[in-house]
Amino acid sequence: MEDVWSVVLRVGEVWVTLVFTLIVLPSALGVSLGISEAYLWVLMKTLEWATIRIQKGVKKPQPQIKTSATNGIIERDETPMEKEIVHPHRVDFEFSDIFYFCRKGFEAIVEDEVTQRFSSEELVSWNLLTRTNVNFHYISLRLTIVWVIGVIVRYCFLLPLRITLATVGITSMIVGTMIVGQLPNSSVKNYLSEVVHLTCSRILVRALSGTIHYHNKENRPQKGGICVANHTSPIDAIILTNDGCYAMVGQAHGGLMGIIQRATVKACPHVWFERSEVKDRHLVTKRLREHVADKNKLPILIFPEGTCINNTSVMMFKKGSFEIGGTIYPVAIKYDPQFGDAFWNSSKYNIVSYLLRIMTSWAIVCNVWYMPPMVRQEGEDAVQFANRVKSAIARQGGLTELPWDGGLKRAKVKDTFKEEQQKNFSKMLVRNGSIGSLSAGTESD
């Protein structure tokens, strides 16, 4: 029995030594040994081969999955209400007018624009992960063998490796920030805090087999500014911190995420708040104003959507971060779903379940575009400024721009949206004289 334990300890020592030597130390120093690049190259070749095998093995032609997020299972008629309902040579209300609203209602029931943004993105071809195998079944023995080998590699090798790296990264983050947090406020504390955040973020990116392509680095957010980005996952912050440090503003969480938040706030002026607390919202606004006034502070990182979207679209930006002035640095983040689904459906998975899903994926590959800084123009209100920034991010990332509030993920549509449609229809009737004719008819009766 002692021999067995000695062998286990020996294997553990070798494992830890290799992990620290080949991954942790190079990651902490910002050096790449080319292991991730080689792994990604082999993975791409394997997926290309699998795609060819699937195409050859399918006897009947399969319908192509539409790659555009704007295309769905139904074809919508985008004719405005005023053009569809209003007909020449009539001024009275007609019962057939309700057909327009009936059709819009049926379209929303079958496939609305909001709900589908909170589910995983559809793939053009199977990436050998069971969770995405919705259109492809048994094709051939060779493809099945490759899939089995992939399961063994992901769960027996990659998962233990990634858990080891994640444990090292998270533990280092918590311990490091707690130690740095005990120091008095000074330039030394700020420097050490940046070193801890940057080093741990690099290790955590390796824990995801992350390959990140940063574009236009000359536009990276500067101190005293506000960085805003589209939001897909909690790892968005790690992706950005891997290339620079930020003071973060976001929703307070519980569990593992809450432990990390409470530890990091001791070393860096992050702001975690409860969105339901009015006083917390006022605190955030006050902190942002103070931050913008100090050009020596780290740029603040904000995700104005307020919730995670499935990386096909950009939804409404909350206006709060655009009301305080200052320079806004837009950043567009786009993940490649071929290698793994980075989207976090917080209504369905807790943070641990989510991390397990992405750690058993092939890799996390994404592009990050730093965009030129933007400032609020004269005569432009906060909502217009937020929409302008959102449009720029959507164009750069190839994402669909939607006007809807991401809060609809958990809340019902506000009555104001319904009332707006009712007002538009009422104005149209008044403009055509329908209301007047109906009133006259009622009086004559």
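Residues numbered from 1 in each chain as written. Predicted model: local features only at pLDDT ≥ 70, side-chain atom pairs only at ≥ 80, totals over all residues. Heavy atoms only, no water.

I'd like a description of the overall build of the protein, backed by residues and values.
Within the protein, the regular secondary structure consists of 13 helices and nine strands. Classification of the 445 residues of the protein by burial places 41% in the buried group. For the protein, the exposed area adds up to about 24,600 Å²; of that, 61% sits on carbon and sulfur atoms. (Helix = DSSP H or I, 4+ residues; strand = E, 2+ residues; numbered from the N terminus. Buried < 20%, exposed > 50% of the residue type's maximum accessible area, 1.4 Å probe, protein only. Areas by Shrake-Rupley, 256 points an atom, 1.4 Å probe, with all protein chains shown as cover.)

Quick rundown of the pattern of salt bridges? Include the residues and the values.
Between side chains of opposite charge, a pair can form as their charged atoms come close. Within the structure shown, the criterion is met by six salt bridges. The salt bridge involving Glu-13 is made with Arg-10; its shortest N-O contact spans 3.6 Å. Of this pair, Glu-13 and Arg-10 both sit in helix 1 (residues 2-29), three residues apart, which is roughly one turn of that helix. Judged by relative accessible area, Glu-13 falls into the partly exposed class, the value being 46%. Owing to a relative accessible area of 55%, Arg-10 belongs among the exposed residues under this scheme. Between Asp-243 and Lys-217 there is a salt bridge whose closest N-O contact spans 3.6 Å. Taken as a pair, Asp-243 in the loop between helix 7 (235-241) and strand 3 (247-251) and Lys-217 in the loop between strand 1 (210-215) and strand 2 (226-229) lie far apart in primary sequence, 26 residues in all. By sharing partners, the salt bridges in this structure join Lys-217, Arg-220 and Asp-243 into a single network. (Salt bridge = Lys/Arg side-chain N within 4 Å of Asp/Glu carboxyl O.)

Which residues make up helix 10 (residues 351-359), and what values do they have?
Ile-351, Tyr-354, Leu-355, Ile-358 and Met-359 are the residues of helix 10 that are buried. Projection of helix 10 onto a plane perpendicular to its axis shows the buried side chains occupying an angular sector of 130 degrees, all on one side. Looking at the buried side of helix 10, the elements it contacts are helix 5 (141-181), helix 7 and helix 8 (255-264). For helix 10, the N-terminal cap is Asn-350; the gap from its side-chain oxygen to the backbone nitrogen of Val-352 is 3.2 Å. (Arc of directions from axis to C-beta. Contact = heavy atoms within 4.5 Å. Polar contact = N/O pair within 3.5 Å; in protein donor to acceptor, adjacent residues only side chain to side chain.)

Describe in detail the packing of helix 5 against helix 6 (residues 187-207), supporting the description with residues and values.
The interhelical angle for the contact between helix 5 and helix 6, taken along N-to-C directions, is 170 degrees, at an axis separation of 8 Å. The orientation of helix 5 with respect to helix 6, classified from their angle, is roughly antiparallel. Seen from helix 5, the contacting residues are Arg-162, Leu-165, Ala-166, Gly-169, Ile-170, Ser-172, Met-173, Gly-176, Thr-177, Val-180 and Gly-181; seen from helix 6, they are Lys-189, Leu-192, Ser-193, Val-196, His-197, Cys-200, Ser-201, Ile-203, Leu-204, Arg-206 and Ala-207. For the contact of helix 5 with helix 6, the per-class residue count stands at eleven nonpolar, eight polar and three charged. (Axes fitted to C-alpha atoms, helices over the stretch in contact; angles between N-to-C directions. Parallel < 35°, antiparallel > 145°, perpendicular 65-115°, else oblique. Nonpolar A, V, L, I, M, F, W, Y, C, P; charged D, E, K, R; others polar.)

Kindly report on the sheet that holds strand 1, identifying the contributing residues and their values.
The strand order 1-8-7-2-5-3-4 describes an open sheet built from seven strands, whose pairing is mixed. A strand with exactly one partner marks an edge of an open sheet, and here the two such strands are strand 1 and strand 4 (271-273). Looking at each pair of strands side by side, their axes are set apart by 20 degrees on average, direction ignored. In this structure, strand 3 lies alongside strand 5 (residues 300-302), joined through two bridges in parallel fashion. If you follow Met-248 over to strand 5, its bridge partner there is Leu-301. In the packing of helix 11 (residues 382-397) onto the sheet, the strands contacted are strand 2, strand 7 (328-335) and strand 8 (364-370), and the crossing angle to strand 7 comes to about 35 degrees. (Pairing = 2+ DSSP bridges.)

Tell me what's going on with the nonpolar core, and back it up with residues and numbers.
Within the largest apolar cluster, 31 residues are counted, with the highest numbers of intra-cluster contacts made by Val-228, Val-249, Phe-322, Val-389 and Ile-393. With seven residues, the single largest contributor to this core is helix 11. Residues contacting Ile-393, with those up to four places away along its chain left out, are Val-228, Ala-229, Asn-230, Val-314, Phe-317, Pro-330, Val-331, Ala-332 and Met-371. Judged by nonpolar contacts, the second largest core, of 30 residues, contains Ile-239, Leu-240, Trp-344 and Tyr-354. (Core = buried A, V, L, I, M, F, W, Y, C linked by side-chain atoms within 4.5 Å.)

Kindly report on the side chain of Ser-391, identifying the contributing residues and their values.
By the element assignment, Ser-391 lies in helix 11. In this structure the side chain of Ser-391 is engaged in a polar contact, spanning 2.9 Å, whose partner is the backbone oxygen of Asn-387.

Go over empty space enclosed by the protein with me, naming the residues and quoting the values.
Inspection of the entire model under this criterion finds three cavities of 30 Å³ or more. Estimated volume of the largest cavity: approximately 60 Å³. Around the largest cavity sit Glu-121, Thr-232, Asn-310, Asn-311, Tyr-335, Pro-337, Gly-340, Asp-341, Ala-342 and Phe-343, which together line it. (1 Å grid on protein atoms, 1.4 Å probe; cavity = no way out; pocket = protein on both sides within 12 Å on 5 of 7 lines; lining within 4 Å. Points joined across faces, edges and corners; volume = space filled by probe spheres on them.)

Give a description of unusual backbone geometry that names residues and reports values.
Here the phi dihedral of Ser-209 falls at roughly 50 degrees; this positive angle occurs in a residue that is not glycine. Mapped onto the secondary structure, Ser-209 falls in the loop between helix 6 and strand 1. The phi dihedral of Asn-311 is positive, around 70 degrees, even though this residue is not glycine. Note on placement: Asn-311 falls in the loop between strand 5 and strand 6 (313-314).

Would you mind going over helix 5 in detail, with residue names and values included?
Under the 1.5 Å per step criterion, the end-to-end length of helix 5 is 57 Å for 41 residues, consistent within 8% with the ideal 60 Å. Along helix 5, the helix axis deviates most sharply at Leu-158, where the bend reaches about 40 degrees; the proline Pro-160 sits within four residues downstream. (Expected span 1.5 Å × (residues − 1). Bend = angle between axes of the 7 residues up to and from the residue.)

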